[in-house]
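Breakdown of the fold
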Amino acid sequence: GDYYEDQEIVIDGDLQTEHDFEITTTLTINNIDEEVEGDYVCTIKWGTFFITSDPATLSVRSITADPENTNVVDGNTAELTCVARGNTSASIEFYISDGSAVSTVTQEDDSATGAEVVTTTGVLTIATASSSDATEYYCRAQWDTGYVDSASVYLSVIGMEATSTVVWGVVEQVATFRCMSAGLLRRNSDGDAYLDTDGSEVYPEVEEEWEYWDIDTSSFVGATEDRFTVSSSTIGTDGTRISPLVLSSLISEDEGLLVRCVISYTSDSANNFFGGSVTSGSMTLKIASIISLNASESDIIAGDTVTFTCVAQGEVEPDFYFTTDGAQFDTAQYTHVSGPTTTTSGYEYTAEYVTTANRSNVLQGGDTVYCEADFGATIGSSDKSVDIMTYYNCENVAVTVIGEDPGVSISYEDDVEAGTRTATVACPADTDEVRYTLQESTDTSASATTCSKTTGLYDPQYLSTCLETIRLDSGYYEMYYDLSAYNQGDSVFTICDESTSSSPYDYDSLHTMMETESDVCGPYSIAPCLLASTRTCTLGSDTGCRFDTSTSIVYFYYTVELTTPVWTLEERNDLVLPASGSMRVFSCSSKRRRREEAARADFFQNLQNTTVVEHHKGFTAPSDVEATGSKVAVFVVSLVLLAIAIGYITFSYVYKRNKTMVTL
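Residues numbered from 1 in each chain as written. Predicted model: local features only at pLDDT ≥ 70, side-chain atom pairs only at ≥ 80, totals over all residues. Heavy atoms only, no water.

So, the overall build of the chain
Counting its regular elements, the chain contains 4 helices and 54 strands. Each of the 664 residues in the chain was classed as buried or not, and the buried ones make up 38%. Considering only contacts within the chain whose residues lie at least 6 apart along the sequence, 61% involve residues at least 24 apart. Of the roughly 36,100 Å² of accessible surface on the chain, 46% is carried by carbon and sulfur atoms. (Helix = DSSP H or I, 4+ residues; strand = E, 2+ residues; numbered from the N terminus. Buried < 20%, exposed > 50% of the residue type's maximum accessible area, 1.4 Å probe, protein only. Contact = heavy atoms within 4.5 Å. Areas by Shrake-Rupley, 256 points an atom, 1.4 Å probe, with all protein chains shown as cover.)

With respect to the sheet that holds strand β42 (residues 445-446)
Spatially, the 3 strands line up as an open sheet ordered β38-β45-β42, and their pairing is parallel. The open sheet terminates on both sides in strands that have one partner only, identified here as β38 (400-401) and β42. Both β38 and strand β45 (residues 462-463) contribute to a ladder of 2 bridges, which runs parallel. Residue pairing in the sheet places Thr400 in a bridge with Tyr462 of β45. (Pairing = 2+ DSSP bridges.)

Overview of the side chain of Thr324
Turning to its location among the elements, Thr324 is positioned in strand β32 (residues 319-324). Among the residues examined, Thr324 registers a relative accessible area of 8% and is labelled buried. Setting aside its immediate chain neighbours within four residues, Thr324 contacts Phe329, Asp330, Tyr334, Thr368 and Val369.

Observations regarding the sheet that holds strand β43 (residues 448-451)
What the 4 strands build is an open sheet, ordered β39-β40-β43-β44; its pairing is antiparallel. Every other strand in the sheet has two partners, leaving β39 (409-415) and β44 (458-459) as the edge strands with one partner each. Across 4 bridges, the pairing between strand β40 (residues 420-426) and β43 is antiparallel. Bridging from a neighbouring strand, Thr422 pairs with Thr450 of β43.

Topic: a nonpolar patch on the surface
Taken together, the side chains of Trp46, Phe49 and Ile51 make up a nonpolar region of the molecular surface, amounting to roughly 350 Å² of accessible area. Relative to the helices and strands, Phe49 is located in strand β6 (residues 49-52). (Patch = residues over 30% accessible without salt bridge, like charges linked within 9 Å, V, L, I, M, F, W, Y side chains within 5 Å. Salt bridge = Lys/Arg side-chain N within 4 Å of Asp/Glu carboxyl O.)

Digging into unusual backbone geometry
Generally, phi is negative for residues other than glycine and the peptide bonds are trans, each holding for most cases. The step from Gly339 to Pro340 runs through a cis peptide bond, and the omega angle for that step is 0 degrees. Across the junction of Asp459 and Pro460, the peptide omega takes the value 0 degrees, indicating a cis bond. Here Pro460 lies in the loop between β44 and β45. The backbone phi angle of Ser218 is positive, close to 55 degrees, even though this residue is not glycine. Summarising the element assignment, Ser218 is placed in the loop between β20 (206-214) and β21 (219-222). Judged by its relative accessible area of 48%, Ser218 is partly exposed. The phi dihedral of Asn272 falls on the positive side, at around 50 degrees, and the residue is not glycine. Turning to its location among the elements, Asn272 is positioned in the loop between β25 (258-265) and β26 (273-274).

Structural notes on the pairing of strand β17 (residues 153-158)
Here β17 lies mainly inside the structure; 6 of its 6 residues are buried. Residues of β17 alternate between two faces, with Val153, Leu155 and Val157 on one and Tyr154, Ser156 and Ile158 on the opposite face, all of them buried. Where strand β9 (residues 70-73) and β17 come together, 4 bridges link them in parallel fashion. Paired with Val73 across the bridge in β17 is Ile158. Of the pairings in the sheet, the one linking strand β15 (residues 136-143) to β17 comprises 2 bridges and is antiparallel in character. Within β17, the residue paired with Tyr137 across the bridge is Val153.

Things to note about the confidence of the model for the chain
For the chain, per-residue confidence averages 84 on the pLDDT scale, and residues scoring 70 or more make up 84% of the total. The low-confidence segment residues 615-664, where pLDDT is below 50, has 104 contacts with residues more than four positions distant or belonging to other chains. (pLDDT = per-residue confidence, 0-100.)

Description of the pattern of salt bridges
Enumeration over the complete set of coordinates arrives at 10 salt bridges. Between Arg140 and Asp149 there is a salt bridge, with the nearest N and O atoms lying 2.7 Å from each other. Residue classification places Arg140 among the buried residues on the basis of a relative accessible area of 18%. The partner of Lys286 in a salt bridge is Glu255, with the nearest N and O atoms 3.0 Å apart. Placement of Lys286 in strand β28 (residues 283-287) and of Glu255 in the loop between β24 (240-247) and β25 is noted, with a sequence separation of 31 residues between them.

With respect to the packing of aromatic side chains
For the structure shown, the criterion picks out 13 aromatic pairs. When the ring of Tyr481 is compared with that of Phe556, the centres are 6.1 Å apart and the planes differ by 85 degrees; the resulting orientation is edge-to-face. In this pair, Tyr481 is assigned in strand β47 (residues 472-482) and Phe556 in strand β51 (residues 553-566), connecting sequence segments 75 residues apart. For Phe556, a relative accessible area of 0% gives the class buried. An aromatic cluster of at least three residues, connected via ring pairs, comprises Phe308, Phe322, Phe329, Tyr334 and Tyr353. Its guanidinium or amino end placed over the ring of Phe220, Arg260 lies 4.0 Å from that ring's centre, counting from NZ or CZ. (Phe/Tyr/Trp six-rings, centres within 6.5 Å; stacked < 30°, edge-to-face > 60°. Lys NZ or Arg CZ within 6 Å of the ring centre and 35° of its normal.)

Thoughts on the environment of Thr442
Here Thr442 is to be found in the loop between β41 (434-438) and β42. In this structure Thr442 comes out as partly exposed when scored by relative accessible area, which is 42%. Put simply, Thr442 and Tyr462 are 20 residues apart on the chain and 9.4 Å apart in space, counted from C-alpha to C-alpha. Within polar-contact distance, the side chain of Thr442 engages the side chain of Ser445 at 2.8 Å. (Polar contact = N/O pair within 3.5 Å; in protein donor to acceptor, adjacent residues only side chain to side chain.)

Structure follows, in C-alpha cells:
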C-alpha cells in the first residue's frame, strides 16, 4: 500500500482485499499532503489476466501558507495572510483564540485560469491597531465538504509603554522626561522576543523626536531650544526603550509645561513588522516646591505654642527640616513640642512643626524660620521662609505702685489683638476714720498704665498710690518765748518753773491761767473754736506751759477736742489756730497781782512786744512733724526773735550773792 519515490515514501497506505465471489480492494492513504494528489487506478490479476479500473482522481485541499506572527505599531494597519489550495476555491475566515470570527477579511482565487488546483488567498486587515487587537489569530479554509484550520499566530501591537504623565523638578535644577516605548518585537502574549530566521531577537529601527506645547502658537513644536537636551536612548532587559529629554535651569514659570515624544518605527517586512509613528501622551512638568509656609499665630506672645505648617508638592514624599536663620532652633528661645509630622494627599505633603516661644525677640528684630523639603538627590530640595516676631507677654510684667501702698487694688484689662495690658489702681473703701484719694498723675505715675507687647514695659512706669486722709478729731497750738537774752551771768529768769510757787508765773499759776476760760488771756481768748460765740470744741488736757532751763525757752500750748471731726488741715486750722496775733499769757492775774505786775510794767510790755515764735500742729507731741499727704501737715511759722537788750528792761529782783534768780 505504500508508494516510494527515490526511496522516500510518498504514499503511506494500507491495502485491504476481501473475497466473497467479488473482489474488493481498499487503499487507505495516511498523512495526506499535496504529494499524494493525482489519478489512481486499481489493477486485479488472475494468473496471466489483468483487469484495470477507471482512474480515480485524488485532490488535496489544504492551507499552504499559514498566517505568521506579526508586529504592528500602535495606531497603524496590520495584515494577516492565509493561502489555501484545492480543486475548487475555498472560503477563508479568520478567528481569534476564543473562537470569535473576525469579519474584516478579503480574499481572491485563481479559479478563472482553469487550473486544476485553485489557490485562494485571504487577508485579514486590522486598521488602527490597538492593544485590544493584540491576541492570537488563526484562519479557516472552508469548502463544501469540510474545512482546514491554520496554526495560531500572535499579533503584537507595540508602541508607547507606561509613560509618566507628570515629571518633577526643582527651580534652578534639571527635569528629565523619559519616553518609554517598545524596543523589541514580540511573538506571544508572554512578551517573548520575536526571532528572525537566524534565531536572533529583532530590534526595530526608530527615529525619536521631542515636542513641547508652545503657548504662542497653541501647538506642539520641536524641543530645539538650548535648555532642551535629547539624550541617547537605551533598551532595558525587558525590551523597553527609554528615550530621555533633559530640561535644565528650571524656573518657576516652567510649571505646567507640556512635553511629548514621537517615535517613528521603520517597517521590516522580512520580520512581518508594520512600522509607523506613535506619539506619547503629554507629560506635564511640575515644579517640586514648597507651596506655603505659615505660622499658626501672626503675633506671637512669649509663652505661646506655635505650629508651623509647611506644604510641599512633589513626586515623592520629601524629608522636612525646620530651622531658624539656617541653624537649629535656639533651645533658649524655643522649646520643641513635636514634629515634624507629615501627612500625604496625592502629590501634596503637609508637615507640621510645633514649638513654644519662650521669650521675646523684638530687640533682635525677630527670627526667620525656614522649611526645607528635600526630595532626594535626583530632584533636589526646595525651601521657604517666614519671618516671625515674638512679643513680650505683659501678663508676666509686674506693675509697681509708687510710694506707700495703703492697700490699693489693681485690675487688669487685656487687649489680645493689640497685645497690651492696662493696669488700673483703685483706692480702698473709705471708713469712718480714714478717707482715700488718688494721688495726682505725674510724668512717671498715673491711675492707669499700659504695658506694650513691643517693649514689655508699662507707660507711665508706675501706678499712682492712694493718699490717706485721717479724720481730724483734735488740734494743737504752741508758741514760745526765748528768754535767753535775760539770763546773763548769774541772773537767771524762769517762767512756768515747776520748782517755784506763789508766783503769777509759776507752773501751777500759768497752767491754771491756760485752763481758765477768759476772753483776755489763754486759749479761750484766741482759739476760734473755743470762743464763746462760736464754740465748736472743748479744751483738751494737754494744755499748759513748760520751761526749758537749758535753752531758757518757755512754751505755751493748748489742745482742743473738736465737737465735729473735720477731714482737712484747712478746716482744722481755721478752728484751732489763732486768726490773728498771738495768745496772751501775761498780765492776766487778779487786781493785786496786776498791781504787782505794774511794778514790772516795762518788762512785761517789752516781753509782750517780743516777737513770738509759734508752732501750730494737729497732734499733742510738739516734735511729731510729718510732711507727707498721709499725715496731718505741720504748719510752722518761724519769726525772728528780736533781741531785747537787758539794759532796757526795768524790773525788781531779789539778789543773792553768787547767784541771782529772778522769778516772774
